[in-house]
Amino acid sequence: MAELNPPDKNDERRQRSDHFEEDIDDLMSKISVDFLLDLTHAFFTNRDTLAFGQAETIDPFLQKYEKIKQMIVNSRPKPDDFQILKTIGSGGHFSEVKLVRRKHTKKVYAMKILPKTKMLKNTSQACFWEERAIGVSAKSEWIVKTNYAFQDIKNLYLVMDFMPGGDLVTLIDKNGTFSEKCTKFYTAEVILALDALHSMGFLHRDIKPDNMLLDHQGHIKLTDFGVSARMDDQGLVHEEAVVGTEGYISPEVLNAKETKKGYGREV
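What counts and what doesn't
Residues numbered from 1 in each chain as written. Predicted model: local features only at pLDDT ≥ 70, side-chain atom pairs only at ≥ 80, totals over all residues. Heavy atoms only, no water. Buried < 20%, exposed > 50% of the residue type's maximum accessible area, 1.4 Å probe, protein only. Helix = DSSP H or I, 4+ residues; strand = E, 2+ residues; numbered from the N terminus. Arc of directions from axis to C-beta. Phe/Tyr/Trp six-rings, centres within 6.5 Å; stacked < 30°, edge-to-face > 60°. Expected span 1.5 Å × (residues − 1). Contact = heavy atoms within 4.5 Å. Salt bridge = Lys/Arg side-chain N within 4 Å of Asp/Glu carboxyl O.

Engineer: So what's going on with helix 4 (residues 66–75)? Residues and values would help.
Structural biologist: Every buried residue belonging to helix 4 is among K69, I72 and V73, and all of these are buried. One face of helix 4 carries all of its buried residues, which in axial projection span an arc of 100°. Pointing more than 90 degrees away from the buried face of helix 4 are the exposed residues K67, M71, N74 and S75.

Dropping the structure here:
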């Protein structure tokens with residue numbers, strides 16, 4: 001018997017199109033506009049290092065879209081858009097952080113530079129896409145915002161808000177032991193920062209005073225999401241690799257390989 005109301009192919013096509021448009025507009029999506037532009041840029045930028053097989057099969061494609069590639073490259077931020085002022089720190093084992101000024105606006109930022117070679121050699125501990133997704137899409141006052149994310153043939157770049165107050169470990173070294181009132185204040189702010197990150201669906205996995213920056217008013221902002229991981233639908237991360245900084249790694253992460261149960265917000 002024929003269906004009384006057979007599905008309308010146009011409706012199905014429209015639904016697929018609507019879902020695709022939503023994904024493109026979503027900064028957290030793996031097919032966001034920004035991601036697709038980065039993917040295209042990376043393809044052309046690193047084409048000489050990729051194994052394409054026979055050159056005659058790929059060269060016509062590259063030549064055909066050379067002008068479009070150049071349009072994309074010209075529209076994207078690039079290192080030359082920024083003047084490096086000085087080195088202000090490091091971002092874990094893979095990167096360094098520079099104080100920079102954007103030439104066009106004269107605004108000051110912190111630029112994190114991650115060499116691709118080091119990232120590829122440490123794929124189990126280098127979570128660039130998670131770090132990028134968190135910084136770019138974050139709308140919380142407790143998380144350092146990433147304003148620009150781009151690349152060239154050697155490096156990945158994250159241009160973030162500059163925090164003039166330094167980090168919490170420097171404040172502790174400078175002032176010594178905190179009073180009970182001060183300890184409660186910063187503990188509360190760290191909890192709010194972690195709650196904001198967890199609400200985005202991520203675990204930080206490297207919580208330490210070095211990764212808690214201070215804005216011009218002395219309030220906490222969480223940073224360095226280089227080993228962060230996205231939680232599944234149950235709020236867990238199933239990963240056996242031990243990540244984080246020695247002395248700050250939680251027991252759940254250390255025991256993940258043995259327990260095989262995963263871990264969640266407790267880390």
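Engineer: Before we move on, can you summarise the packing of aromatic side chains with the specific residues and values?
Structural biologist: Working definition: an aromatic ring pair is given by the centre-to-centre distance plus the angle between the planes. The full count for this structure, using the stated rule, is 8 aromatic pairs. Here F82 and Y109 contribute two aromatic rings whose centre-to-centre distance is 6.4 Å and whose plane-to-plane angle is 85°, an arrangement assigned as edge-to-face. Of the two residues, F82 sits in strand 1 (residues 82–90) while Y109 sits in strand 3 (residues 108–115), which places them 27 residues apart along the sequence. Each of the two residues, F82 as well as Y109, counts as buried. Taking the centre distance of 5.4 Å and the plane angle of 70° together, the rings of F128 and W129 count as edge-to-face. Clustering of aromatic rings is evident, with ring pairs tying together F82, Y109, Y148, F150 and Y157.

Engineer: Residues and numbers for helix 8 (residues 180–199), please.
Structural biologist: For helix 8, built from 20 residues, the straight-helix expectation of 28 Å at 1.5 Å per residue is met to within 8% by its first-to-last C-alpha distance of 28 Å. Of all the residues in helix 8, the buried ones are Y186, E189, V190, A193, L194, A196, L197 and H198. Considering only its buried residues, helix 8 is in contact with helix 6 (128–137), helix 7 (168–175), strand 6 (202–203), strand 7 (212–214) and strand 8 (220–222).

Engineer: I'd like to hear about the pattern of salt bridges, residue by residue, with values.
Structural biologist: Counted under the stated rule, the structure contains 7 salt bridges. The shortest N-O distance in the salt bridge between K260 and E240 comes to 2.9 Å. Here K260, found in the segment after helix 10 (256–259), pairs with E240, found in the loop between strand 9 (229–230) and helix 9 (251–254); they are 20 residues apart in sequence, far enough to count as distant.

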